[in-house]
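Now for the letters of each chain:
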Amino acid sequence: MERWLLLFAGGILSASLYSDTKFWLIVSTIALLFLAIVYAFLDLGQRKVKQRSFVPLLIALFCGILWANANLYWQNLRAIPDTLTQTESQLTLVVDEISRRYPYHLRVTGRILKLNDKPLSYWRQSRVQLNWYRDNLEEMPKTGERWQLLTRLKEATDYRNHGSFRYRQYLLRNNIYAIGTITQGKKLTQSVSLRQRIFDRLTQSNLSQPGILAALTIGERSLLTPEVRDSWQKNGLAHSLAISGLHLGMVAAAATLFFRLCFRCFPVGLKLRERLNIRVWSFVFAALVASAYASLADFPISTVRALTMFLVVVAHIILNLKLSPLSLLLRVSVAVLIVDVFAWQDPGFWLSITAVAALFLARWRWQKADGRLATIKNLWFIQWLLLVVMSPLSFLLFGGFSLFAPVVNLLVLPVISFWLLPLALTGTVFALFDSNFAEPLWQLAELPIIYFNPVLENLAEHSANWLQLNRWPITREARFAVLFALIAVLLAPVRYGWQRFGLMLCLPAFVFILFNQRDGNLRLHVLDVGQSQAVIMERNGKAMLIDTGIEYNSGFSVAESVIEPFLNYHGLIPEIAFISHGDKDHNGGRAFLSQRYPELKWRGDASNAPCKAGDSGQWNGMHWEVLWPAAEYQGAERLSKNNRSCVLVIRFGEFSVFLPGDIEMPAEQLLLAGLDNASQIRSNVMLIPHHGSKTSTSWPLLQAVNADLYLMSYGRHRGYQFPHRYTVERLSRTQRPWFGTRENGQLTVVSDGGTWSLELPFENR
């Protein structure tokens, strides 16, 4: 059985990584038919068991491939046609998620019932996420309502860089197939869902922590303040702010006790008591109650995953199946993949699996404590084991882990499980019947949290709590190697404590020295930041920034979502930054980066060291030189902001890079005329100015630079169609390759000072 499940899961994973859905649908279907015929032939021929057992394993493998590709095909079926993007469309939408209000817009998510007055079948009813930029909006769309909307849809895009959040993948995981904006809207129906009614009641009640109550009762996290999110994460409590296996288990346990108590109290005949299996029916009732609890959250992905795991375990208990912990873990994992074939792409899936595996490990590797306070001792040990085993995954996902988490979880989780959750859910039940008892129960439930939160905030700010490894200037490989070395020391089968202590001192230090090696090469990273620009030069753990990307009015910042995660991913410390000019698509992240890196030295626009032709310097073994603007054109009104961009040449040995900012043809002509000699500007790599606009990248400039490789930073934008075809034609005339961030994501050039190579880490992804 376990071999079949492993191959089935392997088929799902392999198919999810391959993009040719129709091909694999055909191949897997034909293979399954062929293998079924072969198996039937072997069975009729009464061949040996070993010969016959091989065929079912192949059938399990192709069943996994077929199931994954069927889900991929269904996902493609629900995609919005390209012909409807970037054009106005009229939608009839049923709102299926609580709308969120931001400073500059309202976010509405729902399922399309009609598209341009054409009804859609259920299988083609895509979910979309829409922004409504309207200050005088009288009424927010609510869950369950139907609205007629005039929208402009578009396909979501990712910023494909090391460490960047994969926004498009996140949307697809939540079954959202397009994003867009609303220009007009009209409400068609008034009815709202139960979830919306509870949410409205929570927001209207006099509560100090409505966000925590909403997260625990209906799985809605929009009311959580950034301070609460940050403090709970840094104390290792983020898992308790979602409807997880812990909460489902507590609800199921309470339902089981309630059912058995009712069975004993109600007058039931002796014959009926003998015929009914109270144990089985109490578990069935618990499963139904847990499913009803999950339905209050509208079955989000994380809750569906936890509910699936819970139901599989309950089914094994009801059927009285005796399995080893690893076999049960395998069945639970495969069940989750059957319900959601893309679950392995979610960090929460691996967090859940790792936590359960750690609990099984504790049962296998160590004996339980005996004597007084044995329960507390066992819980204390399990908390520290979870911290050590899950630290690599926590570092990968969150950049660090909490050293105070074992203590905090041991003190806070019982309060949440036995006080906060029962009272909050009881108040929710009363709220469904519009009872006045709901608000007092919620107020009673949040009392401990009112006193806990200030303590948690202080602990979160303590320097010894959050071990943020991604801010350490060491390689990513060394960080993981040290963490895995600590796990290996913990699991090592040694007899004496001094042996384990010696291993703990020596093994992590050895792997740190082994893996914390930097090759001394220069790496030029042109980051994928859409229709803006951010470049990072790195060498030996230190970084130079050239431009900082865009910051939107909504508060979204490329510096926060792309640049800082990239620096943390590679363990880089930025020391110097150039701002080519003051446009927000180049200078948008300056304020954020100045706050995060106070020691960062700024040059260029609006700094104490503005760019001036002839300025030069050394940094980290590299030589940089400013070629433009000339002194007479600094601040000159007759030149546009773009034409006053800081133009840099950076040299490392015999390798050089030309970085022209957003200069246009007038400035290019003046730049070339002011050069002392042509060698000043010749470079191996050139960054195309102004994102490939037709007003830049003149043929004389291309001839003067004479680069071997051209790189371009640009993205999708309704107002621009970059790169312009004139620019592309001029680049084609050079007969040298060019690459853009829109098609390839992050662009990286590596040089040892002599030779160089191009890396495309996100090509075809």
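Attention in this report is confined to the structure presented alongside it. Residue positions are given per chain, counting from 1 as you read along its sequence in written order. Reporting in this predicted model follows two pLDDT cut-offs: at least 70 for local features of residues, and 80 or more for side-chain atom pairs to be given and counted; totals over whole chains, interfaces and linings ignore these cut-offs and use all residues. Only hydrogens and water are set aside when side-chain values are computed; all heavy atoms of the structure are taken into account.

**Structural notes on the layout of surface pockets**
Volume-wise, the second largest pocket comes out at about 520 Å³. Lining the second largest pocket are 20 residues, with Val251, Ala254, Val289, Leu425 and Val429 sitting closest to its centre. Secondary structure elements follow DSSP: runs of H or I of four or more residues count as helices, runs of E of two or more count as strands, with numbering from the N terminus. For the lining of the second largest pocket, the elements supplying multiple residues, two or more each, are helix 8 (245-265), helix 10 (278-296) and helix 15 (405-432). Sorting elements by how many residues they give to the lining of the second largest pocket places helix 15 first, with 9 residues. In the lining of the second largest pocket, the residues fall into 16 nonpolar, 4 polar and no charged. Here a cavity denotes a set of grid points, spaced 1 Å apart and computed over the protein atoms alone, in which a 1.4 Å probe fits but from which it cannot get out, and a pocket denotes an open set meeting protein on both sides within 12 Å along at least five of seven lines; residues with an atom within 4 Å of a point are reported as lining. Grid points are joined across faces, edges and corners, and a volume is the space filled by probe spheres set on the points. Each residue is assigned to one of three groups, with Ala, Val, Leu, Ile, Met, Phe, Trp, Tyr, Cys and Pro labelled nonpolar, Asp, Glu, Lys and Arg labelled charged, and all others, Gly among them, labelled polar.

**What to know about the sheet that holds strand 21 (residues 738-740)**
Strand pairing follows a simple DSSP-based rule, namely that at least 2 bridges must link the two strands. Spatial ordering of the open sheet is given by 15-16-17-18-19-20-21, a layout of 7 strands whose pairing is mixed. The outermost strands of the open sheet, each flanked by one partner alone, are strand 15 (616-619) and strand 21. Across the sheet, the axes of successive neighbouring strands diverge by a mean angle of 20°, strand direction being ignored. Pairing between strand 17 (residues 647-652) and strand 18 (residues 655-659): 5 bridges, direction antiparallel. Bridged to Phe652 within strand 18 is Phe655. When checking whether two residues touch, look at their non-hydrogen atoms; a contact exists if any pair is within 4.5 Å. In this analysis an axis means a line fitted to C-alpha atoms, helices contributing only their contacting stretch, and an angle means the value between N-to-C directions, from 0 to 180 degrees. Sheet strands touched by helix 23 (residues 665-673): strand 16 (622-628), strand 17 and strand 18. Its angle to strand 16, the strand with the most contacts, is close to 115°.

**Let's talk about the environment of Arg603**
Along the chain, the position of Arg603 falls in strand 14 (residues 601-604). Distance from Arg603 to Leu7, taken between C-alpha atoms, is 57 Å for residues 596 residues apart in sequence.

**Examining the pairing of strand 12 (residues 542-548)**
Using a 1.4 Å probe on the protein chains alone, a residue whose accessible area is under 20% of its type maximum counts as buried, one over 50% counts as exposed, and one in between counts as partly exposed. Counted residue by residue, strand 12 has 6 buried out of 7 residues, so it is predominantly covered. Inspection of the sheet shows strand 11 (residues 534-539) paired to strand 12 by 6 bridges, in the antiparallel sense. Each bridged residue has a counterpart across the sheet, and for Val535 the counterpart in strand 12 is Ile546. Strand direction decides the pairing type here: strand 12 and strand 13 (residues 573-579), joined by 5 bridges, are parallel.

**Quick notes on the sheet that holds strand 14**
In spatial order, the strands read 14-13-12-11-10-22-23; together these 7 strands make up an open sheet with mixed pairing. A single partner strand is all that each edge strand has here, and the edge strands are strand 14 and strand 23 (756-759). Strand after strand, the sheet turns through a mean of 20° between neighbouring axes, direction not considered. Sheet topology places strand 22 (residues 747-751) next to strand 23; 4 bridges connect them, and they run antiparallel. Bridge assignment links Ser751 to a residue of strand 23, and that residue is Trp756. Sheet strands in contact with helix 20 (residues 558-570) are strand 10 (522-526), strand 11, strand 12 and strand 13, and its direction is about 165° off that of strand 12.

**Concerning helix 15**
A rise of 1.5 Å per residue sets the reference length of helix 15, with its 28 residues, at 40 Å; its end C-alpha atoms lie only 35 Å apart and thus fall more than 12% short of the reference. Consider a residue and the seven residues that end there alongside the seven that start there; fitting an axis to each set, the bend is the angle between those axes. Most pronounced at Ile416, the bend in helix 15 amounts to some 40°. Of the residues trailing helix 15, Asp434 is marked for its positive phi of about 55°. A helix is expected to span 1.5 Å for every residue after the first.

**Looking at a nonpolar patch on the surface**
Each patch groups residues whose relative accessible area exceeds 30% and which form no salt bridge, using 9 Å between like charges and 5 Å between nonpolar side chains of Val, Leu, Ile, Met, Phe, Trp and Tyr. Note on areas: these come from Shrake-Rupley sampling with a 1.4 Å probe, and a residue is covered only by the protein chains present in the view. Should a side-chain nitrogen of Lys or Arg be within 4 Å of a carboxyl oxygen of Asp or Glu, the pair is scored as a salt bridge. A cluster of nonpolar side chains, namely Trp419, Leu444, Leu447, Ile450 and Tyr451, defines an oily patch on the protein surface of about 470 Å² accessible area. The element best represented in the nonpolar patch is helix 17 (residues 447-461), accounting for 3 residues. Its location among the elements puts Leu447 in helix 17.

**Comments concerning the pairing of strand 15**
Residue alternation in strand 15 divides its side chains into a buried set, Gly617 and Trp619, and an unburied set, Ser616 and Gln618. Relative to strand 16, strand 15 runs antiparallel, the two being bridged by 4 bridges. Paired with Gly617 across the strands is Trp624, a residue of strand 16.

**Re unusual backbone geometry**
When glycine is set aside, most residues are seen to have a negative phi, and most peptide bonds are trans. Here Trp628 and Pro629 are connected by a cis peptide whose omega angle stands at 10°. Within the secondary structure, Pro629 is located in the loop between strand 16 and strand 17. Phi at Asp117 is positive, roughly 65°, even though this residue is not glycine. For Asp117, the location among the structural elements is in the loop between strand 3 (106-115) and strand 4 (118-119). By relative accessible area, which is 55% here, Asp117 ends up exposed. Look at Asn620: it is not a glycine, yet its phi comes out positive at around 55°. Within the fold, Asn620 resides in the loop between strand 15 and strand 16.

**Observations regarding the pattern of salt bridges**
In the structure shown here, the tally under the stated rule is 21 salt bridges. When the shortest N-O distance is used, the salt bridge between Glu145 and Lys187 registers 3.7 Å. Pair noted here: Glu145 is in the loop between strand 5 (127-132) and strand 6 (146-154) and Lys187 is in strand 7 (residues 176-187), with a separation of 42 residues, a long-range link. Taking the relative accessible area as the measure of exposure, Glu145 reaches 2% and is therefore buried. A single salt-bridge network, built from bridges that share partners, covers Arg173, Arg305, Asp340 and Asp346.

Just geometry here; none of it tells us what the structure is for.
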